[in-house]
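# Residue-level structural notes
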Amino acid sequence: MDKSSDNLYRQIVDDIKDAIREGRLQAGDVLPSERELAQYYDISRVPVREALKILEFLGAVEQVRGKGVFVKKIKMRHVLDHIDFMIEDPMLALLDLFEAREAIEIQAVHLAAERRTADDIEAMEAAVTEMKINIDMGKEVNVASVKFHNAVIESAHNLVLTKINGYLSDLLRLSRHYSLKNPGRHEVALNYHQQILQAIVKQDARSAVDLMREHLAVARKVIQTQLKS
């Protein structure tokens, strides 16, 4: 196995992907533990954990607390297509994803500022509150961030934008895993979410668009920095 740090987790993902495709792993099967996989590949647990995280984000496996990591009971063709897309060059794919996000989320936030309802505002506020609580408790903020951006898109009340966002949901979760990996980024992201929310509440579409564009640009630079490192 190629022991370069850049390729370790990719090779693990590729192996598990092939095992699913060839039927050696099937829906409901439990994967070897982190320790067992690390021993098998003769590596540390870090790339194993990263590989499992990617597979979970892409919908191929699910973590069941106290029981292990299981192959999900879903249509594997869809999952494997996602994995093929990401595993070819995950970081470059995420940069392409940011370009797509700009097209989707900047339009969505503009419409949200015009169309938001009281229920929409409540959903966005709940996501921001959850994110702040998680930061204060030192927990991950990825899920709360996803909830906020989803709530913004729902607030646009545009069926096509909602459907596109749903299709990209797995990749978007993976994107936030990387862009919010550094805890120092959490407060920055929260601040943008709070400002975007206020602009939407005030129905200030121009400010909402400017803030969302800046927010996505900052997150994209984080990905670019990781790509160069």
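Let us look at the structure shown here. Since we're looking at a predicted model, the values are computed, not measured.

Right, let's talk about the overall build of the protein chain for a bit. Each helix and strand in the protein chain was counted, giving 11 helices and 2 strands. The order of α-helices and β-strands along the protein chain, N terminus first, is α-α-α-β-β-α-α-α-α-α-α-α-α. In the protein chain, once contacts between residues fewer than 6 apart in sequence are set aside, the share between residues at least 24 apart is 72%. Roughly 12,000 Å² of accessible area belongs to the protein chain as shown, and the carbon and sulfur atoms make up 50% of that amount.

Glancing now at unusual backbone geometry. Negative phi is the rule for most residues except glycine; trans is the rule for most peptide bonds. Although it is not a glycine, His 157 sits at a positive phi angle of roughly 50°. Residue position: His 157 is located in the loop between helix H7 (142-155) and helix H8 (159-167). Positioned with a positive phi, Gln 203 is a non-glycine residue whose angle comes to about 60°. By the secondary structure assignment, Gln 203 is in the loop between helix H10 (186-201) and helix H11 (205-228).

As a further point, take the nonpolar core. Ranked by size, the top nonpolar core spans 41 residues in total, and within it Ile 16, Leu 31 and Leu 52 carry the most contacts. Of all the elements in the fold, those that place two or more residues in this core are helix H1 (5-21), helix H2 (34-41), helix H3 (45-57), strand E2 (68-71), helix H5 (90-115), helix H9 (169-179) and H11. Discounting residues that sit within four places of it in the chain, Ile 16 has contacts with Leu 25, Leu 31, Leu 52 and Leu 55.

Looking at where Lys 132 falls in the secondary structure, it is placed in helix H6 (residues 118-136). As for Lys 132 and Leu 190, which are separated by 58 residues in sequence, their C-alpha atoms are 7.0 Å apart.

This part covers the pattern of salt bridges. One pass over the full model with this rule turns up 8 salt bridges. The partner of Lys 17 in a salt bridge is Asp 14, and the shortest N-O contact between them spans 2.5 Å. Placement of both Lys 17 and Asp 14 in helix H1 is noted, with a separation of 3 residues, approximately one turn of the helix. By relative accessible area, Asp 14 is classed as partly exposed at 29%. A salt bridge links Glu 130 to Lys 147, with the nearest nitrogen and oxygen atoms 2.9 Å apart. A residue pair is termed long-range when its members are at least 10 positions apart, and Glu 130 in helix H6 and Lys 147 in helix H7 qualify at 17 residues. Residue Glu 130 is classed as partly exposed on the basis of its relative accessible area of 24%.

A few words now on the side chain of His 186. One can find His 186 in helix H10. Setting aside chain neighbours within four positions, we find His 186 in contact with Met 131, Ile 135, Lys 139, Val 141 and Leu 180.

What follows covers the environment of Arg 173. Tracing the backbone through its elements, the reader meets Arg 173 in helix H9. Arg 173 sits in the partly exposed class, given a relative accessible area of 30%. As a C-alpha pair, Arg 173 and Glu 56 span 117 residues in sequence and 9.9 Å in three-dimensional space. Contact partners of Arg 173, with chain neighbours within four places excluded, come to Phe 57 and Val 146.

Attention now goes to the environment of Arg 176. Note that Arg 176 resides in helix H9. Residues Arg 176 and Leu 94 lie 82 residues apart in sequence; the distance between their C-alpha atoms is 9.8 Å. Not counting residues up to four positions away in its chain, the partners in contact with Arg 176 are Arg 101, Glu 105, Asn 142, Ser 145, Val 146, His 149 and Lys 181.

What counts as what
Residues numbered from 1 in each chain as written. Predicted model: local features only at pLDDT ≥ 70, side-chain atom pairs only at ≥ 80, totals over all residues. Heavy atoms only, no water. Helix = DSSP H or I, 4+ residues; strand = E, 2+ residues; numbered from the N terminus. Contact = heavy atoms within 4.5 Å. Areas by Shrake-Rupley, 256 points an atom, 1.4 Å probe, with all protein chains shown as cover. Core = buried A, V, L, I, M, F, W, Y, C linked by side-chain atoms within 4.5 Å. Buried < 20%, exposed > 50% of the residue type's maximum accessible area, 1.4 Å probe, protein only. Salt bridge = Lys/Arg side-chain N within 4 Å of Asp/Glu carboxyl O.

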